[in-house]
Amino acid sequence: FLFGLKEPHNRMQDREMILRFFAFYHNTYLKYQPSMKNFLNKEMENHQNLSEEEIEELTQVFKKSIKLSKLVFGNRAFRRFILGNSEDPNGYWETRKINKGLFDIIMFGFTLFEENQIVPHAEEIREKLIWLMTHDLDFIDTITISTDNKDKIHTRFDKWIFALKEIVGNNKKEPRIFPLHLKEQLWESNPYCTICGQKIHTIDDAEIDHIEQYWKGGKTTLSNARLTHRYCNRSRSRNDFKNNASESDNLKIKRIVHVSNSKYHRVISIGEKTPRQAYRLPILETLIELGGKGEVREIMENIRIKMENILKPVDYEKLPRGAMIRWENTAQWERFIMIKEGLLRSDSPRGIWEITEKGRQYFNTYKAFKY
């Protein structure tokens, strides 16, 4: 699993990685003193005469950490994700080699928790590590240059253990990270970055960004979500903290929608109107409350009431053609997408919307993120 080899590594790097694991497991990173060579040599000297019971115990500890590493990170375990740049915002995974610094913290971190504590948070843990590898400059420095430096070892262990404890023991009502399945939904629906406008080639390089930033009080809800490159999102966050300016001042590229009628013509920027995906959970909730189906007029009134705190002024504008209000039109488009995804029935009578069993399961899974 470590190297993807069928036989032992020809330079014994697999043995070195195992030795690193047990050295940090027995001593913790707080007792690390350079050089790494001496640190590992002392580990071998101190544990060269183990009993059968001790060998079995250490084997189980190692296997547990490997199992959880594979479960959470798959074949990307211990590999670095490299951020894009201004010329090409698409990031990518380093596949040629294992990053020893990442190996140390991931394996050690999983010794601190039981499997039933980690598994429910697997998606959030994975996303958090990618975030650290792309947004936290201090953390990035600890896994790229002079990684065996004592201060860097302390920094990356401290940051990762703090992150794990925050996630596993997180009882906050307001989560910060959007679940992976919501990111998959947005990416599959429209894999383009809402900041730079370019296509996001891999889902691991995509982030769900808070339109109103989390640190400013923005909620982790669909109405406050948009898909971005990790690079673009980091650049946006850096500019926001540096300049303390509004998003519309910082973004150089905007997705625009032209709105025309007999009186005016203007441009709508990102965040000015409520995104289409924000209507999904209110639609499903309304149908469940109505017994599984309902007439369009009744459904729309319920959606309006449920979303009145998040609908924005532009959502209430009348569209140039016809009598439909903007938010009603957006809800109709979301209903069309939901039918294609099997969340709503496609054979309901005209004027009737009806939820499917898949739609009920979807709502029960993601209802915590509805508003």
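Calculation notes
Residues numbered from 1 in each chain as written. Predicted model: local features only at pLDDT ≥ 70, side-chain atom pairs only at ≥ 80, totals over all residues. Heavy atoms only, no water. Helix = DSSP H or I, 4+ residues; strand = E, 2+ residues; numbered from the N terminus. Buried < 20%, exposed > 50% of the residue type's maximum accessible area, 1.4 Å probe, protein only. 1 Å grid on protein atoms, 1.4 Å probe; cavity = no way out; pocket = protein on both sides within 12 Å on 5 of 7 lines; lining within 4 Å. Points joined across faces, edges and corners; volume = space filled by probe spheres on them. Arc of directions from axis to C-beta. Contact = heavy atoms within 4.5 Å. Polar contact = N/O pair within 3.5 Å; in protein donor to acceptor, adjacent residues only side chain to side chain.

(A) Spotlight on the environment of Met17. You can see Met17 is positioned in helix 1 (residues 13–27). Relative accessible area serves as the criterion here: at 2%, Met17 is assigned to the buried category. It is 9.6 Å that separates the C-alpha atoms of Met17 and Ile98, two residues lying 81 residues apart in sequence.

(B) Representation of unusual backbone geometry. Of note, the amide linkage connecting Pro34 to Ser35 takes the cis form, showing an omega dihedral of 5 degrees. Inspection of the secondary structure puts Ser35 in the loop between helix 1 and helix 2 (36–46). The phi torsion at Phe78 lies on the positive side, around 70 degrees, for a residue other than glycine. Here Phe78 is to be found in the loop between helix 3 (52–73) and strand 1 (81–82). With relative accessibility at 1%, the residue Phe78 sits in the buried group. At Ser146, a position not held by glycine, the phi torsion is positive, near 50 degrees.

(C) Inspection of empty space enclosed by the protein at higher detail. Applying the stated rule across the entire model yields one cavity of 30 Å³ or more. Approximately 40 Å³ is the volume attributed to the largest cavity. The wall of the largest cavity is formed by Phe73, Arg76, Ala77, Phe78, Arg79, Trp93, Leu102, Ile106, Leu129, Ile130 and Met133. Listing elements by their share of the lining of the largest cavity, those giving two or more residues are helix 4 (100–111) and helix 6 (122–135). Of all the elements, helix 6 adds the most residues to the lining of the largest cavity, at three residues.

(D) Layout of helix 15 (residues 357–366). Turning to helix 15, its buried residues number three or more, namely Gly359, Tyr362, Phe363 and Tyr366. For helix 15, the angular spread of buried residues about the axis comes to 95 degrees, placing them on one side. Exposed residues lying more than 90 degrees from the buried face of helix 15 are Glu357 and Thr365. Lining the buried residues of helix 15 we find helix 9 (180–189) and helix 12 (280–289).

(E) Expanded view of the side chain of Glu334. Looking at the element boundaries, Glu334 is found in helix 14 (residues 326–340). Polar contacts involving the side chain of Glu334 include one to the side chain of Arg280, which spans 2.6 Å.

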